[in-house]
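Here is how the chains run, residue by residue.
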Amino acid sequence: AGETPHWRPAVRFAPERNWINDPNGLVFFDGEYHLFCQHNPSGDQWGNMSWLHAVSTDLVRWQELPVALEPDELGAIFSGSAVVDHHDTSGFFGGKPGLVALYTSAGDSQQQSLAHSSDRGRTWTKYDGNPVIPNPGIADFRDPKVFWHEPTGRWVLLLAAGDRIQIYGSPNLRDWEQLSEFGAERGAHGGVWECPDLFELPVDGDPARTRWVMIVSINPGGPAGGSATQYFIGDFDGTTFTAEGPADEVRWADRGADFYAPQSFSDVPDGRRLWLGWTSNWDYAAAIPTSPWRGMMSTPRELGLTDAAGGVQLVQRPVAELSDVRANRRAWGGVLTDGSDVEFRGSAVDVVATFRLGTAPVVGVDVFAGPGGRTRVGYDVAAGELFVDRTDSGEAQVSQQFPARHGTPLAVDGGVLALRVVADRSCVEVFAQDGRAVLTDLVFPDSGSDRIAPFAAGGRAEAELEVFDLTP
Ligand code: FRU
């Protein structure tokens, strides 16, 4: 009773049943992408934290496997990461490659522990020397993210420690020494820092011009209320991360309400930097009305950097693999005015729209439209703001703040707005200007509200539109 199949996403990971939050242990190994995540195996509320496990060969179709890590005498299994130990630096794999996971043991205190797997992640052995990083007297001390730093020939681990990130180094994934820390005096501090990540990316694809990107999730204190993810652009020399720009500058990865604790995949074979996040918000995660599961992930996104007016900035686009499950292409082009009634149908769709801005002060695309309301994806020309409006999107009894409009500043050069909207049953992800602005919002439309309509309100605009069903 009370099950909600019409809200079950078509192209992103959701568990068969019960609660999930943060993605954990994202890694590619031996032909498979692994997705672990925070999970309560025995209930649809947060608790009994364990690592759920799923695998995929294409990042779109996920197969759920038995739970990988369950609570033990050191505590619950909080967030963490996984790497391929290609050269058996850890000594767990008899000289062969294997998977190593670092996670937080959350018991009387939070400490970092290790587990290893020699069978492609199917079974895990907890290290008998756990914890590998004991608690030094810091209450919030968690979410280890590990990567191999080639120039210094060692493993590097990021840890969220209250209001800052600590950076550790190790030759073997077991013995860790603290190298530095970052951030006590930088960025947003409206909440506790969680789930860090750090990686290097080329600017506009130029391998000779790179920057390091530090990712820090924060809860609460996000721009749409509750949880959100900030990032810093800078340099990492193997020991210390140094951010560019003014100390009080804050950059958000996604200004929607529902993109939290994203983590990037380790060991992606073609060098792409891919990540995905938990599509929810601690403000109301416990009241999400889906059943028998509660919580899902974003579509996987490819990350890049580009030069922008305010300096180098992050860009995100849905992974190329998403286009492989497009079907039933429909297209339209013409002039939109207030009276237009251009319409498509679909509740799991990929919409690619281009608007040549004219006299209309607001343009965009309505999705999940019907008798029960609509979700408006729009661009306010005078304000220079991209927004998602879910004030009339269907089921809104999630929380008081849930029915809201979320926006992000966006400059549209040359009068051409490029929108990509991935609307998948109970989630809208908007990527504008090739991923320069991103908004992710949950919505709970009723099952009859499946119309998609481009609009120009209060004037005219030229538009071109392609709509694809997403059919894995
Ligand atoms: C982030 C977080 C992490 C923690 C996990 C517990 O959403 O609070 O800091 O490890 O969730 O489930």
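Thresholds applied
Residues numbered from 1 in each chain as written. Predicted model: local features only at pLDDT ≥ 70, side-chain atom pairs only at ≥ 80, totals over all residues. Heavy atoms only, no water. Phe/Tyr/Trp six-rings, centres within 6.5 Å; stacked < 30°, edge-to-face > 60°. Helix = DSSP H or I, 4+ residues; strand = E, 2+ residues; numbered from the N terminus. Buried < 20%, exposed > 50% of the residue type's maximum accessible area, 1.4 Å probe, protein only. Lys NZ or Arg CZ within 6 Å of the ring centre and 35° of its normal. Contact = heavy atoms within 4.5 Å. Near = heavy atom within 4 Å. Polar contact = N/O pair within 3.5 Å; in protein donor to acceptor, adjacent residues only side chain to side chain. Areas by Shrake-Rupley, 256 points an atom, 1.4 Å probe, with all protein chains shown as cover. UniProt positions renumbered as here; feature names shortened; annotations may be inferred. Lys, Arg positive; Asp, Glu negative; His and termini not counted. Salt bridge = Lys/Arg side-chain N within 4 Å of Asp/Glu carboxyl O. Pairing = 2+ DSSP bridges. Axes fitted to C-alpha atoms, helices over the stretch in contact; angles between N-to-C directions.

> Explain the packing of aromatic side chains to me, using residue names and the numbers behind them.
Under the criterion given, the structure shown has 22 aromatic pairs. Ring centres of Phe-182 and Phe-232 lie 4.9 Å apart, and the angle between their planes is 80°; on these two criteria the pair is classed as edge-to-face. Of the two residues, Phe-182 sits in strand β12 (residues 177-182) while Phe-232 sits in strand β15 (residues 228-236), which places them 50 residues apart along the sequence. We note that Phe-182, like Phe-232, is buried. Within the aromatic cluster, the residues linked to one another by ring pairs are Trp-7, Tyr-284, Phe-402 and Phe-444. The ring of Trp-293 carries Arg-8 above its face, with NZ or CZ at 4.8 Å from the centroid. Just above the ring of Phe-455 sits the side chain of Arg-376; from NZ or CZ to the centre is 3.5 Å.

> Help me get a handle on the environment of Gln-178, residues and values and all.
Examined against the element boundaries, Gln-178 turns out to sit in strand β12. The partly exposed category is assigned to Gln-178, whose relative accessible area is 38%. With 118 residues separating them in the primary sequence, Gln-178 and Val-60 have C-alpha atoms 37 Å apart. Each residue touching Gln-178, except ones within four places of it in the same chain, is listed here: Gln-166, Ile-167 and Tyr-168.

> Tell me about the site of the ligand, and please be specific about residues and values.
Near the ligand you find Asn-21, Asp-22, Gln-38, Trp-46, Phe-78, Ser-79, Arg-142, Asp-143, Glu-194, Tyr-260 and Trp-282, and these make up its full shell. A distance of 3.1 Å separates an oxygen atom of the ligand from a polar atom in the side chain of Asn-21. For the ligand, whose free accessible area comes to 320 Å², the fraction covered by protein is 95%.

> Account for the UniProt feature "domain: Glycosyl hydrolase family 32 C-terminal" (unreviewed entry) in the protein, naming residues and giving values.
Residues annotated in UniProt with the feature "domain: Glycosyl hydrolase family 32 C-terminal" (unreviewed entry) correspond here to residues 341-464. Counted over residues 341-464, helix gives 0% and strand 56%. Its end C-alpha atoms are 14 Å apart.

> Hey, could you go over the UniProt feature "domain: Glycosyl hydrolase family 32 N-terminal" (unreviewed entry) in the protein for me, with residue numbers and the actual values?
Per the UniProt annotation, the sites labelled "domain: Glycosyl hydrolase family 32 N-terminal" (unreviewed entry) are residues 13-318. Between the first and last C-alpha atoms of residues 13-318 the distance is 14 Å; the span itself is 0% helix and 52% strand.

> Explain the side chain of Asp-441 residue by residue, including any values.
Inspection of the secondary structure puts Asp-441 in strand β31 (residues 437-442). One buried charged residue, Asp-441, forms no salt bridge at all, with the nearest opposite charge on Arg-390 at 4.0 Å. A distance of 2.7 Å separates a polar atom in the side chain of Asp-441 from a polar atom in the side chain of His-406. Beyond its immediate chain neighbours, meaning those up to four positions away, Asp-441 contacts Gly-256, Ala-257, Asp-258, Val-388, Arg-390, His-406, Ser-426, Cys-427 and Val-428.

> How would you explain the sheet that holds strand β24 (residues 348-356) if you had to name every residue and give the values?
Reading across from one edge, β22-β33-β24-β29-β30-β31 is the order of the 6 strands in this open sheet, with antiparallel pairing throughout. The two strands at the open ends of the sheet, each matched to only one other strand, are β22 (326-336) and β31. With direction set aside, neighbouring strand axes in the sheet form an average angle of 15°. Where β22 meets strand β33 (residues 461-470), 9 bridges bridge the pair, whose relative direction is antiparallel. Bridge pairing in β33 links Ala-331 to Glu-466.

> I'd like a rundown of the pattern of salt bridges, residues and numbers included.
Under the counting rule described, the total for this entry stands at 32 salt bridges. One salt bridge connects Arg-294 with Asp-44, and the closest N-O pair in it is separated by 3.5 Å. Of this pair, Arg-294 sits in strand β19 (residues 293-294) while Asp-44 sits in the loop between β2 (32-40) and β3 (50-56); the two residues are 250 residues apart in sequence, bridging distant segments of the chain. We classify Arg-294 as buried; its relative accessible area is 11%. The class of Asp-44 is partly exposed, set by a relative accessible area of 36%.

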